[in-house]
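A closer look at the structure
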Amino acid sequence: IPVFILAGLLVHCVFLVSIFDIYFSSPLVHGMTPQQTPLPPPAKRLVLFVADGLRADSLYELNSNNTPQAPYLRGILENNGSWGISHTRVPTESRPGHVALIAGFYEDVSAVAKGWKENPVEFDSVFNESKYTWSWGSPDILPMFAKGATGDHVYTFCYAAESEDFGAQDAAKLDMWVFDRVKSFFNSSRSNQTLFSALNEEKVVLFLHLLGIDTNGHAHRPNSREYKENIKKVDEGVKEIASMIDNFYGNDGKTAFILTSDHGMTDWGSHGAGHPSETLTPLIVWGAGVNYPQKVTSQFFEDNFLKEWKLENLKRLDVNQADIAPLMASLIGVPFPLNSVGTLPLEYLNNSAHFKAESMFTNAVQILEQFKVKMSQKKETTLSFLFTPFKPLSDSEQINFLKKTRLYIQQQKYDEAVSLCKTLINLALEGLSYYHTYDRLFLGLSIAMGFVGWTTYVILVIIKTHTNLTKTVQTNNKESTVLFYSFAFVGMIIAFFLLIQTCPWTYYVYCLLPVPVWYAVVRELPVIQDLATNLMSPHIGQSIGFLLVCTLGIEILVFSFFYRSTLTIGLLVFAGWPVITQLWVQAKTTALIWTLLCVLLAIFPLMPVVGREPNIPLVIATGLLTFLISCFSLSSLRKSENKYRNNEDLKVRFYQMLSIALSTYVVSSTHDSLKNKQGLPVLNQIISWMTLVSSSVLPLLSPTFLFQRLFSILLSLMSTYLLLSTGYEALFPLVLSGLMFAWINMEQEALQHYGLSFKPKLAVFNFAYATDITQFRQLHLDDVRRSFFFVFFIVTAFFGTGNIASVNSFDPASVYCFLTVFSPFMMGGLLVLKVVIPFVLVSCAFEAVQVTTQLSSKSLFLIVLVISDIMALHFFFLVKDYGSWLDIGTSISHYVLVMSLTIFMMLMNGLAQLLTAKRLELPRRTKHHST
């Protein structure tokens, strides 16, 4: 069997990695020549303010008394500069946002896999093209632009990472730090001759990264007083810096200023997905070479912001976030960043029509360069008779476009030249994406072949080894050798084709994987024929009905990934299960409890996603409820004067009750302390971490009787879960585990109902002695339903309290009992733990069901494998790499979820066996009897 498991793991890992190769390889190409506008630029230097996490509406809207949020910036956009909204792409995180602003391309999703911190790919940026860049701000952002730069001309000044504390007094001090440093930097330059002359060079960039707004938004939400106060402070800081720089250069009118943001923020203080509050950021540009405000009588936008902001008669110029990089390059006259895909927003420029046309031409040539490099790369690795070029931009078309544009510029037909350039840019971008996705269909098909083959093989294994549907069949040696050689031959041909085209080694894996998989299936041909005759003869109707029900169930599971409410429908159907199968006749109370709990659990998927509205009293109430339940169970344990009980067990139970009470207290006191801005109390932090550690050990000390052990696991996990809860989700594990207990009892009834075996007494059933191999029975149709229930409960455990698949549903507030200083991996780990706790409950219950219904865990696990593989095939074709980036993120995470579900269930299965069957013995004090 280890061979089978290893093969399974290998196949699934290949499937999992494949989507990153097929859909998300890095789009960057290298080897272009830099393109620069031949005319003199309007500005000598550029000051870029990035207010991290600032929403467009937070900056532009008016207060209740009709005064602006940011008076100085409002004055600028009314009197001296141009303004608009910059539309960002998902993922709306700081790193991709800054890459788009400063390097002009949207970071490919492959960067997710390589970690956000360093440069996963080498890229060019405006900073790199500048003569000197000085930057101040966060250690998370600045170093990546210094690392990517050639030579030594990008200087960074960062504060310590510990300063980014969500629970601190006020994060605006991060911004004050930046403003103070910039002022002292300019003052010191008056006495430092080399620095002074460097500052007076051309092509200088000053970058101020202001993280306070983002940190305050996470900690207090964007509608809070702190967030708005922070905007005012940034406004005053920008005013001081701007006037100081103008004075320093003697008001020479050669400085351009840009203020924008890398991403916005949702009302509940998170970002990462594609909600408009996250993707709309402000852009205000003023100074040298920038257009003055343009008065208009009417302008039309789909949103109604202009009216709210009272800016209807000032022209609003919207851009995509990557367009800001070419804008900066054009203002100070440096080459456009090599990988930039932004289009220069001409309306921001206050310059001659000739300059605009030339700049636009440079922009078009720079994007066309990337297209040419990409095309030649593809051409080299494809056989000439198989290569289909991108028609609209053949070589002759390219030359034609460029000639025409040059002619228009010479004849001073600047508008025609600009519109031609825009057409060329759009075509080049289309062509880039065409070559980028060139091999996709071919790879997708071979992966799908592998998927179907593997699933078929698993079904055959189940039927052959765990059911009585087929007789053993003799294999013919001669036939099997022929088969082997023919498959080997096919594999050789495929490998030969890939070799000629110098494909990357991963292509060999994807294309050759289906060969051995299908070989294994075709070898079992006699079994398939035997099975077909068995199913066809008496009950063809039953077989078809069974298949239909299976398909429906799997489609419901797939749907529930997109619409949580589907889970509600499923749970309501489950509630009626005892009635449909007449189970309720023999066990009325169990069936009633089951139905009630199903209906209760069905409420959760209808609730809004967790973390939007914190509700601490509810968490505390849940803690008290759990405490009451455990008291009740403790007293019943005391009463049962049986030989199975000893005082050690009562001690363990008592510790668990204590930790529940402590957790409840910690949640309420931490919340109050953070509300009063006193930070996280150290005592609470110590208790939280101790609870976390003890909750993994305590269940192992309790007795291994079925219900005692399961209840002990629930109490331990519940105490940790309470610490990680901020609202109604605290009730979720309670209701879920209640349903799990009912499920274990119902499965007993089902066993008797189908007359499959005797009924073991659940009360005295012991996990430790449950692995006697002789008692295992063969699979029955009802076991497919059992496995389906398990997968359904796992999905419910996942999506019950919110869609984890969306990045912005992570709320840092849920880890405040453990830490408040920003540390992505620690916070991520704790949030993953919170997601895993319901999983563990379901897995342990499933372990109990397997053991009490006398099934080998392997056979049930194989059925679960088939179900999740069929789901994965759905999601493989639903993966997107276009459209709103929210869709992209969701589609990847769905696929990765289902794929890792199988790997994850193997781990969970092992963990559940450990949690249920193992027991740690505490050293007992021995009593000496004197005779």
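Residues numbered from 1 in each chain as written. Predicted model: local features only at pLDDT ≥ 70, side-chain atom pairs only at ≥ 80, totals over all residues. Heavy atoms only, no water.

Considerations on the overall build of the protein chain
- Counting its regular elements, the protein chain contains 35 helices and eight strands.
- Pairs at least 24 residues apart make up 80% of the contacts formed inside the protein chain by residues separated by at least 6 positions.
- As displayed, the protein chain has an accessible area near 40,800 Å², and 64% of this comes from carbon and sulfur atoms. (Helix = DSSP H or I, 4+ residues; strand = E, 2+ residues; numbered from the N terminus. Contact = heavy atoms within 4.5 Å. Areas by Shrake-Rupley, 256 points an atom, 1.4 Å probe, with all protein chains shown as cover.)

Some words on the confidence of the model for the protein chain
- Residues at a pLDDT of 70 or more form 88% of the protein chain, whose mean pLDDT is 83.
- Put simply, helix α5 (residues 110-113) is where the protein chain has its lowest mean pLDDT, 52, and strand β6 (residues 255-260) is where it has its highest, 97.
- This stretch, residues 925-931, has a pLDDT under 50; its non-local contacts, to residues over four places away or in other chains, come to zero contacts. (pLDDT = per-residue confidence, 0-100.)

A short note on the sheet that holds strand β1 (residues 45-51)
- Strand order in the open sheet made by the eight strands is β4-β3-β5-β1-β6-β7-β2-β8, with mixed pairing throughout. Pairing within the sheet leaves two strands with one partner each, and these edge strands are β4 (154-158) and β8 (319-320).
- Relative to β6, β1 runs parallel, the two being bridged by six bridges. Considered in β6, the bridge of Leu46 is made with Ala256. (Pairing = 2+ DSSP bridges.)

Regarding the side chain of Ser125
- Relative to the elements of secondary structure, Ser125 occurs in the loop between α5 and α6 (126-129).
- Ignoring any residue separated from it by four or fewer positions in sequence, one finds Ser125 in contact with Ile102, Ala103, Phe145 and Pro337.

Regarding the pattern of salt bridges
- A full pass over the atoms with the stated rule returns 15 salt bridges.
- Of the charged contacts in the structure, one is a salt bridge between Glu201 and Lys131, with a shortest N-O distance of 3.4 Å. In this pair, Glu201 sits in the loop between α9 (193-199) and β5 (204-210) while Lys131 sits in the loop between α6 and β3 (132-137), placing the two residues 70 residues apart along the sequence.
- When its relative accessible area of 41% is taken as the criterion, Lys131 is described as partly exposed.
- With a shortest N-O distance of 3.7 Å, Lys378 and Asp439 are connected by a salt bridge. Highlighted residues: Lys378 in helix α15 (residues 353-380) and Asp439 in the loop between α17 (414-436) and α18 (440-466), separated in sequence by 61 residues.
- Within the structure, one salt-bridge network assembled from shared partners comprises Arg55, Asp57 and Asp267. (Salt bridge = Lys/Arg side-chain N within 4 Å of Asp/Glu carboxyl O. Buried < 20%, exposed > 50% of the residue type's maximum accessible area, 1.4 Å probe, protein only.)

Structural notes on the packing of helix α10 (residues 212-220) against helix α11 (residues 225-248)
- Across the interface, α10 lies against α11 with an axial gap of 9 Å and an inter-helix angle of 170°. Between α10 and α11, the crossing angle belongs to the class labelled roughly antiparallel. Side by side, α10 and α11 meet where Gly212, Ile213, Asn216, Gly217 and His220 of the first sit next to Glu226, Tyr227, Asn230, Ile231 and Val234 of the second.
- Along the lines of polarity and charge, the residues of the contact of α10 with α11 split into four nonpolar, five polar and one charged. (Axes fitted to C-alpha atoms, helices over the stretch in contact; angles between N-to-C directions. Parallel < 35°, antiparallel > 145°, perpendicular 65-115°, else oblique. Nonpolar A, V, L, I, M, F, W, Y, C, P; charged D, E, K, R; others polar.)

A look at the environment of Ala797
- Tracing the chain through its elements places Ala797 in helix α32 (residues 781-799).
- Separated by 42 residues in sequence, Ala797 and Phe839 place their C-alpha atoms 5.9 Å apart.

Comments concerning the packing of aromatic side chains
- Applying the stated rule across the entire model yields 57 aromatic pairs.
- Here Phe390 and Tyr434 contribute two aromatic rings whose centre-to-centre distance is 5.5 Å and whose plane-to-plane angle is 40°, an arrangement assigned as tilted. In this pair, Phe390 sits in the loop between α15 and α16 (395-410) while Tyr434 sits in helix α17, placing the two residues 44 residues apart along the sequence.
- Using a relative accessible area of 10% as the deciding quantity, one classes Phe390 as buried.
- Assessed through its relative accessible area of 26%, Tyr434 is described here as partly exposed. (Phe/Tyr/Trp six-rings, centres within 6.5 Å; stacked < 30°, edge-to-face > 60°.)

Details of the nonpolar core
- If you look at the biggest cluster of nonpolar residues, it comprises 123 residues, and the most contacted ones within it are Phe574, Trp594, Trp743, Phe793, Met871 and Tyr895.
- Sorting elements by how many residues they give to this core places helix α33 (residues 824-852) first, with 15 residues.
- Setting aside residues up to four positions removed in sequence, Trp594 forms contacts with Phe574, Ala575, Trp577, Pro578, Leu739, Ala742, Trp743, Met746, Phe789 and Phe793. (Core = buried A, V, L, I, M, F, W, Y, C linked by side-chain atoms within 4.5 Å.)

Focus: the packing of helix α19 (residues 477-500) against helix α20 (residues 505-512)
- Interaxial distance between α19 and α20 falls to 10 Å at its minimum, and their mutual angle equals 155°. In terms of orientation, α19 lies roughly antiparallel with respect to α20. Every pair of crossing elements has a handedness; the one defined by α19 and α20 is right-handed. For the pair formed by α19 and α20, the contact residues are Gly491, Ile494, Ala495, Leu498 and Leu499 on the first element and Tyr507, Tyr508, Cys511 and Leu512 on the second.
- Of the residues that constitute the contact of α19 with α20, the class distribution is eight nonpolar, one polar and no charged. (Left-handed = near helix turned anticlockwise from the far one by under 90°.)

Points about unusual backbone geometry
- Of note, Asn251 is a non-glycine position whose phi angle comes to about 50°, a positive value.
- Relative to the helices and strands, Asn251 is located in the loop between α11 and β6.
- By relative accessible area, Asn251 is classed as exposed at 55%.
- With a phi angle near 60°, Gln412 is a residue other than glycine that sits in the positive phi range.
- You can see Gln412 is positioned in the loop between α16 and α17.
- Accessibility expressed as a relative area gives 57% for Gln412, which makes it exposed.

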